[in-house]
Number of protein chains: 2
Amino acid sequence: METSTALLTDQYELTMLQAALRAGTAERRAVFEVFARSLPAGRRYGVVAGTGRLLDAIADFRFGTDELDFLTGNGIVDEPTAKWLSSYRFTGDVYGYPEGECYFPNSPILSVEGTFAEAVLLETVALSILNYDSAIASAASRMAVAAGNRPLIEMGSRRTHERAAVSAARAAHIAGFATTSNLAAGRAYGVPTGGTAAHAFTMLHDSERHAFEAQLASLGDATTLLVDTYDVERAVKTAVELAGPALGAVRIDSGDLGDLARRVRAQLDALGARETRIIVTGDLDEHGIAALAAAPVDGYGVGTSLVTGSGAPTASLVYKLVARADRPGPDAPLRPVAKRSTGKPTIGGRKRALRRLDVHGVACAEVVTVGEPAPGVRDRLLQVPLVRGGEIVGREPLTAARARHRAVVAELPPQARQLSRGEPALPTEIVADGPQGA
Amino acid sequence: METSTALLTDQYELTMLQAALRAGTAERRAVFEVFARSLPAGRRYGVVAGTGRLLDAIADFRFGTDELDFLTGNGIVDEPTAKWLSSYRFTGDVYGYPEGECYFPNSPILSVEGTFAEAVLLETVALSILNYDSAIASAASRMAVAAGNRPLIEMGSRRTHERAAVSAARAAHIAGFATTSNLAAGRAYGVPTGGTAAHAFTMLHDSERHAFEAQLASLGDATTLLVDTYDVERAVKTAVELAGPALGAVRIDSGDLGDLARRVRAQLDALGARETRIIVTGDLDEHGIAALAAAPVDGYGVGTSLVTGSGAPTASLVYKLVARADRPGPDAPLRPVAKRSTGKPTIGGRKRALRRLDVHGVACAEVVTVGEPAPGVRDRLLQVPLVRGGEIVGREPLTAARARHRAVVAELPPQARQLSRGEPALPTEIVADGPQGA
């Protein structure tokens, strides 16, 4: 696949660029902001993910010969525009919520500042990355809340686009999943990988016993044997006969998972395999996980519902111009701009944001200020520098995002961690001239 | 991005391979089939897409030094398995439904035949591609039915993963969309691209008039002007003042689209711009499109609902072992295998499929035979060769898939084209020993 991300772009970004270049408005300074008008129905918080990938995409956003030949050959841009694109490199500033941070309606999770020309071009790729990854992380976080201390295994690659699958594994790991089945995510991002065998492996062999023997010989007794290909009880019996009490785990992928887990736990215990864990998989979502809280389950594998955002496959983030200068040049003052489209109005002006905590350290409001905020002692500023003067400064290890997410969710009020449909867990207060004192 | 597709794979494919190599079962001949147990709730047919992309992915499924270093360095496979992988190349046969064809529950849309080792490795990438692309094509086809002869513009890139967006544009084009906003889809697949301007362009300029002037100067009078940034009526007036009756189109992106389209049509006509078209966009899905059938609309732009499969973001296709030999070697006979997992049973044996047509040329059944079928005179065989002995033979231009889809949908009974929730439009008849005569 191509390295450049420059054509992961809607055509109108380029036609706008061309028209603005011709009109002399392309070099006006501009501020674009990414935010969600609302959370998906019933969700109590959203989770930012994809920022690290976006920084890579910005670094790779270059128009080489291949890209330019396509654009000019198809009459999409004229020669002066192609020439401008040939030296394109984002030279502005980006700041935003770091990965793993939670967000609420109107949280300014990303701000892109530069000339209109350089900033408008990033709209599509920024939204694609943040919308998908944040949708997955937002769903994953709810599953992690439901799972409590039991590990979650991401195994949804097969149910989404093959490249989206890699990003989904990354986003899920940020939001609390322990491991992924996706090897490319292991290589690209260091997400821990796992996996043992499918039903096909059992059916390949002349008997389930033969299959289990083959797996144990190759992967050792600590492996996980899949026990629901034919008859669960018989399979568990065979598994313990072959591996003894050292058997790592059994996996159940179908049927009434809670009932089966109880039966299998009793059977394993009776056979002396008290340390053998029970992993359940099969069309689980956060509600299915929560329903198994009282069952003797040691880990959950989640596929379809994770990679499709559990009912909310996009975060519905938008990228809107909120301020721009009246003339070209770095010194021209910015003025707020806003559209008035029915149902889709925007709030003009560059925003900052902070999370307000109460005296107990519990988050109580998302405060979005038009202009610079005056944070109180318990307010936490939410935006961090990501790109400064075109230089990427916001890279961090995935472990940092993962730790941040755990801390941020713990800081939210208890109702944030309810799975039932509800209102956003924090009110978003939009303040035109700095926040009220905390 | 890396060219190899080999790590777009669940880890268990490789651990199964390793165990089978050690057990001497890896070289048993095997048949895997891809099918859906059911259609998404209420859907009347599914649309196959992604096959062409899958053929590319199979060609690129190679384990190079980077891939092997990752796998051995992380203890995922042992040295003998890595050595086997280093010369991996799929040498078997693949046949399946061609792109654009419709499918129903249990339609065998893809069959992969080879050794267990070579065929099991393709599970994840095959499902990822077919599940995503077919989900998009299935949603797109309903939108195309709803739109009738009015063109559909795909503009959902920003609401899904940046690489998925490219595939979504391709799948939508197969299923009837005219154009896409996605430039990478234009370059990679030749999907016609389009796009003019966003609200940001209007807001960049000192007035809407200034913005329209800039756009017309750059893109010509045949362009599409976006008229809902501030006040639609005033914008339409300005647009026609500037461009005259040659104005190509106006776009409305918010509000009550039907009501606005009627008002704008009347206004345009009164201003003499009778040929100026009206394009509507903004959270449309197939139902929103259908609701505008009587409105004076000349084209629809569809984003979020398209790239998220309009409520069904995955096709839920599975990849199941249905037959395998008892011993290694090309001459060992295949025997059917099936699992009995609760709620997820499979039907053993290699399947063929045909669409049965009635005397009027209307499809009346999806006939799936275990073993070779005996087609009647009005039966259409559904599977085509895609890979023969490792050589890709099933590539075709996107235009062929697009034409096929149009013909296949026209052949379905009328209830298939209803948008309301219903049963699959054709019954799937599974026949163990060839179809009954037609």
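Residues numbered from 1 in each chain as written. Chains lettered and ligands numbered in written order. Predicted model: local features only at pLDDT ≥ 70, side-chain atom pairs only at ≥ 80, totals over all residues. Heavy atoms only, no water.

Under an unreviewed UniProt entry, the name given to chain A is Nicotinate phosphoribosyltransferase, and the organism recorded is Actinomadura rubteroloni. UniProt annotates chain A under Pathway (unreviewed entry) with the comment "Cofactor biosynthesis; NAD(+) biosynthesis; nicotinate D-ribonucleotide from nicotinate: step 1/1." Here chain A is described in UniProt, under the heading Catalytic activity (unreviewed entry), as follows: "5-phospho-alpha-D-ribose 1-diphosphate + nicotinate + ATP + H2O = nicotinate beta-D-ribonucleotide + ADP + phosphate + diphosphate". (UniProt positions renumbered as here; feature names shortened; annotations may be inferred.)

**Here we look at the interface of chain A and chain B**
Tallying the contact residues gives 100 residues for chain A and 100 residues for chain B. Counting the surface lost from both chain A and chain B, the interface buries some 8,500 Å², and carbon and sulfur atoms represent 56% of this. When the buried surface of chain A facing chain B is broken down by residue, Arg158, Leu183 and Arg187 of chain A rank first, second and third, together holding 10% of it. Here chain A and chain B share 14 salt bridges between them. Here arginine 158 of chain B makes a salt bridge to glutamate 13 of chain A, at a shortest N to O gap of 3.7 Å. A per-element tally of the side of chain A that touches chain B places helix α1 (residues 11–23) of chain A first, with eleven residues. Looking at the side of chain A that touches chain B residue by residue, the class counts come to 38 nonpolar, 37 polar and 25 charged. (Contact = heavy atoms within 4.5 Å. Buried area = accessible area lost by both parts, 1.4 Å probe. Salt bridge = Lys/Arg side-chain N within 4 Å of Asp/Glu carboxyl O. Helix = DSSP H or I, 4+ residues; strand = E, 2+ residues; numbered from the N terminus. Nonpolar A, V, L, I, M, F, W, Y, C, P; charged D, E, K, R; others polar.)

**Side note on empty space enclosed by the protein**
Within the structure shown, the criterion is met by three cavities of 30 Å³ or more. Quantified by volume, the largest cavity comes out at close to 100 Å³. Forming the boundary of the largest cavity are 14 residues, of which Tyr132 and Thr160 of chain A together with Tyr132, Thr160 and Pro313 of chain B lie nearest the centre. Here the lining of the largest cavity is built from residues that sort into eight nonpolar, five polar and one charged. (1 Å grid on protein atoms, 1.4 Å probe; cavity = no way out; pocket = protein on both sides within 12 Å on 5 of 7 lines; lining within 4 Å. Points joined across faces, edges and corners; volume = space filled by probe spheres on them.)

**Section: the relation of the copies chain A and chain B**
Between the two copies, chain A and chain B, the superposition gives an RMSD of 0.0 Å; the rotation angle is 180° and the shift along the axis is 0.0 Å. Both copies are brought into coincidence by an operation consistent with a two-fold rotation axis. Of the interface residues in chain A, 100% have counterparts in chain B that sit at the interface too, so the contact is made through matching surfaces. (Least-squares fit on C-alpha atoms with pLDDT ≥ 70 in both.)

**Considering the domain arrangement of chain A**
Per the domain assignment, the segments of chain A are domain 1 (11–136 + 312–431) and domain 2 (196–297). Taken over C-alpha atoms, the centre of domain 1 of chain A sits 45 Å from the centre of domain 2 of chain A. (Domains from an automatic or database assignment.)

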